[in-house]
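Close look at the chain arrangement
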Amino acid sequence: MRYLENGSCDFKNSRGPPLNRQQLRKIVALIVGVPVGGSLLALAGLTLAGSVIGLMLSVPLFLLFSPVIVPAAITIGLAVTAILASGLFGLTGLSSVSWVLNYLRGTSDTVPEQLDYAKRRMADAVGYAGQKGKEMGQYVQDKAHEAHDTSLTTETTEPGKTRRHT
């Protein structure tokens with residue numbers, strides 16, 4: 001890099017051809033990327049070391065307090081399951097109330113129309129799955145024939161004789 005008389009920089013390599021923008025971007029990315037990548041790698045190593053040290057210190061505590069921790073973990077798990085289940089029941093209730101209100105207002109389709117739509121969708125899905133099953137069956141059958149034909153045409157050479165596998 002050299003400085004011109006007007007104070008601007010001329011990005012040229014003094015020992016070779018001038019650098020274009022793509023080469024300059026690669027150099028800047030390297031200059032910025034190596035320290036950032038190295039520091040992130042060092043942080044990852046410190047995190048791993050801290051995790052290993054924490055595990056080494058906590059395993060004896062887990063073994064010592066396991067008669068208390070296991071029932072506590074089961075209780076916490078059941079409590080979380082109950083909270084999630086109550087939330088799902090509430091969501092189901094709200095969606096049911098919403099559907100009933102929309103049905104009473106007449107803004108949604110009638111039940112027979114919804115059932116017909118669901119039947120059509122299921123029939124389409126079953127047809128699609130059947131078609132995919134046929135395609136996969138044909139593919140597997142073609143591969144089996146191909147493997148069988150390949151095994152019939154392989155030859156082995158033993159010392160002094162050639163034999164064909166059938």
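From a predicted model like this one, the values you see are computed outputs, not experimental measurements.

About the cut-offs
Residues numbered from 1 in each chain as written. Predicted model: local features only at pLDDT ≥ 70, side-chain atom pairs only at ≥ 80, totals over all residues. Heavy atoms only, no water. Helix = DSSP H or I, 4+ residues; strand = E, 2+ residues; numbered from the N terminus. Buried < 20%, exposed > 50% of the residue type's maximum accessible area, 1.4 Å probe, protein only. Contact = heavy atoms within 4.5 Å. Salt bridge = Lys/Arg side-chain N within 4 Å of Asp/Glu carboxyl O. UniProt positions renumbered as here; feature names shortened; annotations may be inferred. pLDDT = per-residue confidence, 0-100. Patch = residues over 30% accessible without salt bridge, like charges linked within 9 Å, V, L, I, M, F, W, Y side chains within 5 Å. Areas by Shrake-Rupley, 256 points an atom, 1.4 Å probe, with all protein chains shown as cover. Polar contact = N/O pair within 3.5 Å; in protein donor to acceptor, adjacent residues only side chain to side chain.

Moving on, we come to the overall build of the protein chain. Looking only at helices and strands, one finds two helices and four strands in the protein chain. Its helices and strands taken in sequence order, the protein chain reads β-β-α-α-β-β from the N to the C terminus. By the burial criterion, 1% of the 166 residues in the protein chain qualify as buried. Sequence-distant contacts, at least 24 apart, represent 0% of the contacts inside the protein chain between residues at least 6 apart.

Applying the stated criterion to the full structure yields two salt bridges. E135 is paired through a salt bridge with K132; the nearest N and O atoms lie 3.6 Å apart. In this pair, E135 and K132 are both assigned in helix 2 (residues 111-153), three residues apart and thus about one turn of the helix distant. On the accessibility criterion, E135 (39% relative accessible area) is partly exposed. What makes K132 partly exposed here is its relative accessible area of 37%. Between E146 and K143 there is a salt bridge, and its shortest N-O distance comes to 4.0 Å. Taken together, the residues E146 and K143, both in helix 2 and three residues apart, mark about one turn of the helix.

This paragraph deals with the UniProt feature "transmembrane region" (unreviewed entry) in the protein chain. In the numbering used here, UniProt assigns the "transmembrane region" (unreviewed entry) feature to residues 27-57 and 69-91. Between the end C-alpha atoms of residues 27-57 there is a gap of 45 Å, over a span that is 100% helix and 0% strand. Measuring from the first to the last C-alpha atom of residues 69-91 gives 33 Å, for a span that is 100% helix and 0% strand.

Right, let's get into the confidence of the model for the protein chain. Low pLDDT marks regions whose predicted coordinates should not be analysed in detail. For the protein chain, per-residue confidence averages 81 on the pLDDT scale, and residues scoring 70 or more make up 78% of the total. Per-element mean pLDDT across the protein chain ranges from 52 in strand 3 (residues 155-158) up to 88 in helix 1 (residues 21-105).

Attention now goes to a nonpolar patch on the surface. A cluster of nonpolar side chains, contributed by L19, I27, V28, I31, V32, V36, L40, L43 and L46, occupies part of the molecular surface with about 800 Å² of accessible area. Within the secondary structure, L46 is located in helix 1.

What follows concerns the environment of S86. Within the secondary structure, S86 sits in helix 1. Looking at S86, its side chain comes within polar contact range of the main-chain oxygen of I83, at 2.8 Å.

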